[in-house]
Amino acid sequence: MNQFADRFADMPVVLPAEANDSAANLLRRLLGEEITTVTGRRNRILDVQPPNVRVATDRSPGGQLVPIADLQAALTTLRAQGSVTIHPDDVGYRSAFIGAVLLTLPGVELRQGTPPIIAVRPPDALDTVEHDRESFSYEGDLDRPVTATQRGEQSRLRRLLFGSDTVAECALCGDTLPVRFLVAAHIKVRSLCTDEERRDLAHIAMPACQFGCDALYETGYISVDQDGKIVAAVSESNDLLATRLSNLAGRACLSFTEESRHYFAWHYLNRFRR
């Protein structure tokens, strides 16, 4: 047990909900995103294929395999002790990457040291933040100039999907809606597509509504199997989410074709919370 574990001995450990998920599902939510280690190095998750996750770094842009079991063990330690030491002896040889993933969890903090430690903020600290929330204020500039990168193909992609129509069907739930409530959702995460795949406008995207389907697909709660049918993850509780997932499960995806099959297969293998 590390040197900070005693601080949690007499108090319940308040864990972020995401920490109770499996390591594989946590990694799937971070697919394509750039995460930063405690030393400032950039890591990017390229794919999640248990038992390994492929991680790209500046030195290895093509990615290297990291055992998912190492992250799962670190999560287990975080749950049990409320903190975990980021050192190869404690969490495996890719300790920096594991630390970077844990730092994406809400409700945790980095405690600098040699080696560094990631810990769940104690309940009293969380209570103080909540207590002071009403007094929060911001005195800086409300508007700042930024330089942003636009998706060059986005407008053409929407024209291809919707044309001049004012209403269209969501490919997932099948509801007919005004097109302003539909997005051109990439079947495979765009940031992980090759340039050739991004240019495959006819097959890389589908209409998805903003009333849940786009978010559920993006976060991997639903996917599409090899037969073109929607599959749904098991909800954490019997609530509105469970009802929504149940209603979608088994439906035919309206955008599933032979040409798009491999994009859906990528999502099922890498993103779906199965």
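Up top is the structure these notes are about.
Residues numbered from 1 in each chain as written. Predicted model: local features only at pLDDT ≥ 70, side-chain atom pairs only at ≥ 80, totals over all residues. Heavy atoms only, no water.

Novice: Can you lay out the nonpolar core for me, pointing to particular residues and giving the numbers?
Specialist: By size, the foremost hydrophobic cluster in this structure holds 36 residues, and its most contacted members are Leu172, Met206, Ile222, Cys253 and Phe264. Ranked by the residues each element gives to this core, the list is headed by strand β11 (residues 205-209), at four residues. In contact with Leu172, not counting residues within four places along its chain, are Met206, Pro207, Ala208, Cys213, Tyr217, Ile222, Ile230, Leu248, Arg251 and Cys253. The next biggest cluster of nonpolar side chains, apart from the first, holds 34 residues, and it includes Leu75, Phe97, Val101 and Leu192. (Core = buried A, V, L, I, M, F, W, Y, C linked by side-chain atoms within 4.5 Å. Buried < 20%, exposed > 50% of the residue type's maximum accessible area, 1.4 Å probe, protein only. Helix = DSSP H or I, 4+ residues; strand = E, 2+ residues; numbered from the N terminus. Contact = heavy atoms within 4.5 Å.)

Novice: Which residues make up the pairing of strand β10 (residues 182-186), and what are the values?
Specialist: Most of β10 is tucked away: four of the five residues are buried. Looking at chain direction, β10 and β11 are connected through five bridges and run antiparallel. Bridge assignment links Val183 to a residue of β11, and that residue is Ala208. (Pairing = 2+ DSSP bridges.)

Novice: Go over the packing of aromatic side chains, please, and point to the residues and values.
Specialist: Scanning the entire structure with this criterion turns up three aromatic pairs. Taking 5.5 Å as the distance between ring centres and 25° as the angle between the ring planes, the aromatic pair formed by Tyr268 and Phe272 counts as stacked. You can call Phe272 buried: its relative accessible area is 5%. Sitting over the ring of Tyr221, Arg273 keeps its end group 4.2 Å from the ring centre. (Phe/Tyr/Trp six-rings, centres within 6.5 Å; stacked < 30°, edge-to-face > 60°. Lys NZ or Arg CZ within 6 Å of the ring centre and 35° of its normal.)

Novice: Describe the sheet that holds strand β1 (residues 34-36), and please don't skip the residues or the numbers.
Specialist: Strand pairing in a sheet is mediated by backbone hydrogen bonds. Such pairs are either parallel or antiparallel. If you trace the four strands from one edge of the open sheet to the other, you get β1-β2-β3-β4, paired in antiparallel fashion. Across the chains shown, the open sheet's two edge strands, defined by having one partner strand only, are β1 and β4 (64-67). Averaged over all adjacent pairs, the angle separating strand axes in this sheet is 45°, with direction ignored. In terms of strand pairing, strand β2 (residues 42-49) meets strand β3 (residues 52-57) through six bridges, oriented antiparallel. Counted as the bridge partner of Val48 is Val53 from β3. The strands touched by helix α2 (residues 68-81) are β2, β3 and β4; relative to β4, the strand with the most contacts, the crossing angle is about 40°. Here helix α4 (residues 95-102) sits on the sheet and contacts β1, β2, β3 and β4; the angle it forms with β1, its principal contact strand, is near 105°. (Axes fitted to C-alpha atoms, helices over the stretch in contact; angles between N-to-C directions.)

Novice: So, the sheet that holds strand β5 (residues 83-85): which residues are in play, and what are the values?
Specialist: Taking strand neighbours across the sheet as the criterion, the three strands line up as β5-β7-β6 in an open arrangement whose pairing is antiparallel. Of all strands in the sheet, those with a lone pairing partner are β5 and β6 (108-111), marking the two edges. Adjacent strand axes in the sheet meet at a mean angle of 20°, parallel and antiparallel pairs treated alike. Bridge count for β5 against strand β7 (residues 117-120) is three bridges, and the pairing is antiparallel. Across the sheet, residue Val84 finds its bridge partner in β7, namely Ile118. Contacting β5, β6 and β7, α2 runs over the sheet at an angle of about 135° to β5.

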